[in-house]
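Examining the three-dimensional arrangement
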Amino acid sequence: MTTLDAETRNPKGGDLVKRHRLSTRLWHWINAAMFFILLMSGLMIFNAHPRLYWGEYGANLDPAWLQIGVDDQQAGYLRIGDARIGTDGVLGRWEDADGQLRNRAFPYWATLPSNYNLALARRWHLTFAWVFAVGIFVYLVWSLLNRHVGRDLLPRRDEMRPSHILADLRDHMRLKLPRGIEAARYNILQKLAYLSVALVLIPGMVLTGLTMSPQMDASWPWLLDLFGGRQSARSLHFIFAFLLVLFVIVHLVMVLIAGPFNEIRSMITGWFRLPKERSK
Amino acid sequence: MTRRLMTRRAALTGLVASPMILSGCDRLGQSPSFRNIVLSSGEWLSYRMHRLFGANAMAREYTEAEMSPDFRTNGSTRPQSAEYQRHLANGFATWSLKVSGLVEEPQAIPLADLRAMPSRTQITRHDCVEGWSAIGKWTGVPLGAVLDRVMLKPEARYIVFRCADALGLSPYYESIDLVDAFHPQTILAYGMNGSDLSQGHGAPIRLRVERQLGYKHAKFIMEIEAVDSLSDIGLGRGGYWEDTGFYEWYAGI
């Protein structure tokens, strides 16, 4: 077995290469935990008022662009704009662990805590949001300084050609993943996905979250202008969270396809075994 | 082949284990020491950071055109006590605000006297802890002016509000620190949207403490008390919801 540094030697399929820095690995696993805590406590907070609005104000008497509720026939539904989707049993009305029917937006298995408790969900959310917010800030500064962003994440010009992106998309669709030395670097779809998470979605989560704080709106009034008001920020907070859920699902599927043992090892120890080149 | 199976097993174990970890979180949240130490650290940090960097910041004020067409009521809207009902029936003509505790001159200030003091009108956004917001116009006397009138003693650190409404067994109560108490936008509002404050919104006066969430904005205020510690107020957490529902005392976020 040979272990190589991908940058100094010319590794080939089958070799172990150092793939993830300690800072990336630490941040990854902290985020993995934060993702579930913040998502599930966030869904509980949403349950306290399962309606979303655009603009500065928005309450029960104002029009909501998204709503989860129970209709006249006692069936749960999700309404987005004018489109109404029956979600009985999952959203709006569902059976809890004791077989009791509950009229709440998100079901007990998706929330933290599982029984309705806005105060406790806020404690979870607003405590671990500090870890999440400080985490992205420190990681971005650190990754600029150690050139992780510039070297590994920013696309090269030739990678941004539409033909290259399309070709990579086609390979992903056919589950034809890079092998050999190609697998030592992020491909363009990975770069774009990781950059949009680290530069847009996660900072967006933190900033829209801060915009919901009345004291932060006093301290940093530009937050209200940036997102178009507190209720818009609340809506965007929900949309960004939904996009992060999509990212995590695709991310986990890709890990399973690419080989979970090798991928998880590389995110724990840093070492990644390059998949063998296809035989010609 | 064995490697394949093992990784698949590892993946399955992960899938099965994650709900167990999460139900572990659920149980952690029920442990009082975890709640009081770990889960309270966010409030502790936010409060200190906000006081360190934004103590004097002003909440945004809006124009008439930006006001909510309907400002919903919330919480208790009809205090049941006979005394309150009597005051309501005669337009609070004989009602007065008691100001007591760590002050040089405890007073009972009639509503007419409060109205005669210099007033402030502000169009601000009310944010409920549940998530909704409404924008309304509030008119009232700055709390700082009332506290100056009774002359706060130097050892006073918090202002406690005692209210006429009862949710459950005890009357509603709330408290704020002196930074918020003397903030120019912190007012005892007797007017809303150009009229007298309605019963549903907290007549005769309610607190507006614009940089905190709705449950801090005590309605139906009967008495104000200056104290040096919150430990003797209710169960010691400084407010009705803080004591009964584990809501944060500092609700700036």
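Residues numbered from 1 in each chain as written. Chains lettered and ligands numbered in written order. Predicted model: local features only at pLDDT ≥ 70, side-chain atom pairs only at ≥ 80, totals over all residues. Heavy atoms only, no water.

Time to look at the overall build of chain A. Counting secondary structure elements, chain A contains 9 helices and 9 strands. With the C-alpha coordinates of chain A rotated into their principal frame, the extents come out at 65 × 45 × 35 Å. Within chain A, the proportion of its 280 residues that are buried is 49%. In chain A, 59% of the contacts between residues at least 6 apart in sequence involve partners at least 24 apart. For chain A, the distance from the average position of its 32 positive side-chain charges to the average position of its 22 negative side-chain charges is 9 Å. (Helix = DSSP H or I, 4+ residues; strand = E, 2+ residues; numbered from the N terminus. Buried < 20%, exposed > 50% of the residue type's maximum accessible area, 1.4 Å probe, protein only. Contact = heavy atoms within 4.5 Å. Lys, Arg positive; Asp, Glu negative; His and termini not counted. Charge placed at Lys NZ, Arg CZ, Asp CG, Glu CD.)

Another point: the sheet that holds strand β10 (residues 221–227) of chain B. Residues and elements named next belong to chain B. Spatially, 5 strands are ordered β2-β1-β10-β5-β6 in an open sheet, and the strand pairing comes out mixed. The sheet is open, and its two borders are formed by β2 (107–110) and β6 (170–177), each paired with just one other strand. Put simply, the sheet's adjacent strands are angled 25° from each other on average, direction ignored. Relative to β6, strand β5 (residues 158–167) runs antiparallel, the two sharing 7 bridges. Across the sheet, Val 160 pairs through a bridge with Ser 175, a residue of β6. Seen against the sheet, helix α6 (residues 143–150) touches β1 (96–101), β2, β5, β6 and β10 and runs at an angle of roughly 135° to β2. (Pairing = 2+ DSSP bridges. Axes fitted to C-alpha atoms, helices over the stretch in contact; angles between N-to-C directions.)

As a further point, take the domain arrangement of chain A. Residues and elements named next belong to chain A. Split by domain assignment, chain A resolves into domain 1 (3–50 + 108–273) and domain 2 (51–103). Of note, the centres of domain 1 and domain 2, computed from C-alpha atoms alone, are 29 Å apart. Counting residues at the interface gives 16 residues for domain 1 and 19 residues for domain 2. Where domain 1 packs against domain 2, one counts 0 salt bridges. (Domains from an automatic or database assignment. Salt bridge = Lys/Arg side-chain N within 4 Å of Asp/Glu carboxyl O.)

Attention now moves to the pattern of salt bridges. By the definition in use, this model includes 28 salt bridges over all chains. Arg120(B) serves as the salt-bridge partner of Glu61(B), at 2.9 Å between the closest nitrogen and oxygen. Note that Glu61(B) is positioned in the loop between α3 (41–54) and α4 (82–89) and Arg120(B) in strand β3 (residues 120–127), a separation of 59 residues in sequence. We note a salt bridge from Asp127(B) to Arg125(B), for which the minimum N-O separation is 2.7 Å. Exposure class is identical for Asp127(B) and Arg125(B). Each is buried. Taken together, the shared-partner salt bridges in this structure form one network comprising Glu56(A), Asp217(A), Arg230(A), Arg125(B) and Asp127(B).

A volume near 580 Å³ is recorded for the second largest pocket. What lines the second largest pocket is a set of 29 residues, and nearest its centre among them are Asn74(B), Gly75(B), Tyr172(B), Tyr215(B) and Trp241(B). Counting only elements with at least two residues in the lining of the second largest pocket, the list comes to α2 (118–145) of chain A together with β5 and α8 (240–245) of chain B. Partitioned by chemical class, the residues of the lining of the second largest pocket number 13 nonpolar, 11 polar and 5 charged. (1 Å grid on protein atoms, 1.4 Å probe; cavity = no way out; pocket = protein on both sides within 12 Å on 5 of 7 lines; lining within 4 Å. Points joined across faces, edges and corners; volume = space filled by probe spheres on them. Nonpolar A, V, L, I, M, F, W, Y, C, P; charged D, E, K, R; others polar.)

Between chain A and chain B, the residue contacts involve 41 residues of the former and 55 residues of the latter. In this assembly, chain A packs against chain B so that about 4100 Å² is buried in total across both faces, 60% of it on carbon and sulfur atoms. On the chain A side of the interface with chain B, the three residues burying the most area are Arg123(A), Trp130(A) and Gln215(A), jointly 18% of the side's total. Run the count over chain A and chain B and you get 6 salt bridges. (Buried area = accessible area lost by both parts, 1.4 Å probe.)

Counted under the stated rule, the structure contains 2 cavities of 30 Å³ or more. Taken as a whole, the largest cavity holds about 90 Å³ of empty space. What lines the largest cavity is simply Pro214(A), Asp217(A), Ala218(A), Leu224(A), Ala59(B), Arg60(B), Tyr62(B), Thr124(B), Arg125(B), Asp127(B) and Glu210(B). Of all elements in the fold, only α6 (214–219) of chain A together with β3 of chain B reach the threshold of two or more residues within the lining of the largest cavity. Tallied by class, the residues present in the lining of the largest cavity amount to 5 nonpolar, 1 polar and 5 charged. Taken together, Arg122(A), Arg123(A), Leu126(A), Thr127(A), Leu39(B), Gly42(B), Glu43(B), Glu248(B), Tyr250(B) and Ile253(B) form the lining of the second largest cavity. Within the residue set of the lining of the second largest cavity, elements represented by two or more residues are α2 of chain A together with α3 of chain B.

Here Arg230(A) is to be found in helix α8 (residues 230–258). Taking the relative accessible area as the measure of exposure, Arg230(A) reaches 5% and is therefore buried. Taking the C-alpha atoms as reference points, Arg230(A) and Leu210(A), separated by 20 residues in sequence, lie 9.6 Å from one another. When neighbours within four sequence positions are excluded, Arg230(A) is seen to be in contact with Gly55(A), Glu56(A), Thr211(A), Met212(A), Leu224(A), Arg125(B), Asp127(B), Cys128(B), Gly131(B), Trp132(B), Ser133(B) and Leu213(B). For Arg230(A), the side chain forms a polar contact with the side chain of Asp127(B), separated by 3.4 Å. (Polar contact = N/O pair within 3.5 Å; in protein donor to acceptor, adjacent residues only side chain to side chain.)

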